[in-house]
Amino acid sequence: SDTVPIYPFKIDTGPISGQIVKSVKSWENFYENLEGNKKSFFKFRGHPSDYWGIQKYFQNKYGQDFFSKKKNFKDDLETSRIAINTSFSSTFFETMYSGRPNILLFDGTIFSLNHETRKLVEYFKENQILFDDSSEAARHVSKILEEPYEWWNSKKILDIRNKFNSLCFLKKSDDLKYWQEIFKSLL
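Everything numeric here is computed off the predicted structure, so don't read it as measured data.

Q: Before we move on, could you go through the sheet that holds strand β1 (residues 83-85) and cite the residues and values that matter?
A: With respect to topology, three strands assemble into an open sheet ordered β1-β2-β3, the strand pairing being parallel. At either end of the open sheet lies a strand with only one pairing partner, and these are β1 and β3 (130-131). Note that β1 and strand β2 (residues 102-105) share three bridges and pair parallel. Note on β2: the bridge partner recorded for Ala 83 is Asn 102. Seen against the sheet, helix α6 (residues 134-144) touches β1, β2 and β3 and runs at an angle of roughly 170 degrees to β2.

Q: Kindly report on the pattern of salt bridges, identifying the contributing residues and their values.
A: All chains considered together, the criterion is met by seven salt bridges. A salt bridge links Glu 146 to Arg 81; the shortest N-O distance between them is 3.7 Å. Within this pair, whereas Glu 146 is found in the loop between α6 and α7 (148-152), its partner Arg 81 is found in the loop between α3 (73-79) and β1, the two being separated by 65 residues in sequence. Owing to a relative accessible area of 46%, Glu 146 belongs among the partly exposed residues under this scheme. Its salt-bridge partner being Asp 132, residue Lys 125 comes within 3.4 Å of it at the nearest N-O pair. Exposure remark for Asp 132: the relative accessible area of 46% places this residue in the partly exposed category. It is possible to trace a salt-bridge network through shared partners that takes in Lys 25, Glu 28 and Lys 61.

About the cut-offs
Per chain, the residues get numbers from 1 upward, laid out in the order the sequence is written. The predicted origin of the model limits local features to residues at a pLDDT of at least 70 and limits the giving and counting of side-chain atom pairs to 80 or more, whereas totals for whole chains, interfaces and linings rest on all residues. Calculated side-chain values reflect all of the structure's heavy atoms, with hydrogen atoms and water omitted. Strand pairing follows a simple DSSP-based rule, namely that at least 2 bridges must link the two strands. By the criteria applied, helices consist of DSSP H or I runs no shorter than four residues and strands consist of E runs no shorter than two, each listed in order from the N terminus. Note on contacts: a residue pair qualifies if any of its non-hydrogen atoms lie within 4.5 Å across the two residues. Angles here are taken between N-to-C directions and fall from 0 to 180 degrees, while the axes themselves are lines fitted to C-alpha atoms, restricted in helices to the stretch in contact. Just to be clear on terms, a salt bridge is a Lys or Arg side-chain nitrogen sitting within 4 Å of an Asp or Glu carboxyl oxygen. Buried residues are those whose accessible area, probed at 1.4 Å on protein chains only, stays under 20% of the maximum for their type, while exposed residues exceed 50% and partly exposed ones sit between those limits.

Okay, here's the thing in C-alpha cells:
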C-alpha cells in the first residue's frame, strides 16, 4: 500500500492518494497493540517506492531497529514466524504461495473484487486471515505468534488456503515450460 502515489493518475483498485494515511494509522495501531514482548519480533519492510515518506515517519517514531535489515523480501519471508501483509497484492500472493503463515491487514472495501474473490475474502475474515480492524489483528497475532503453524495448518485454514490457490494460482506440473509456451504463442 505504500506505493500509493500522492496524486492519483489512473483508475485503480486500492487506496487512492490520502486514503494511505488511514492505512498507515492502522499499521501503527496494529504495532502499538501487540502484547508485551511481541513487538520485538516485528520488523517493518517498506516498499522501495515510498511516495509518502512512510519509512521516515516510522523511523522517527520507532527508530532504526523497527526495520528489516534484509535486502531481499524472500530472505525476510524465510525467517519470519508470520508475515503481516498490508495489501491484496503481489507480496501477499508470494507469501501465500510460500506456505508461510501470514495475515492481511487492510480495508477490503476499497478494493474492487469479483464475486468469487469477494467470497474468499469473507472466508479470510471469518477465519482470521484478513483483518480490517488492526487491534483485532494484533490480538490474533499475539495469540498465535509462539506457534503460528498450529493455526496455519489447521484443517479449516488449509481448506481456505487450497481454495485461494485454486482460484488465484495457475499451477502446472511444469510451470516454466507452460509459461514459455504461452509467451512463444504471443510472439
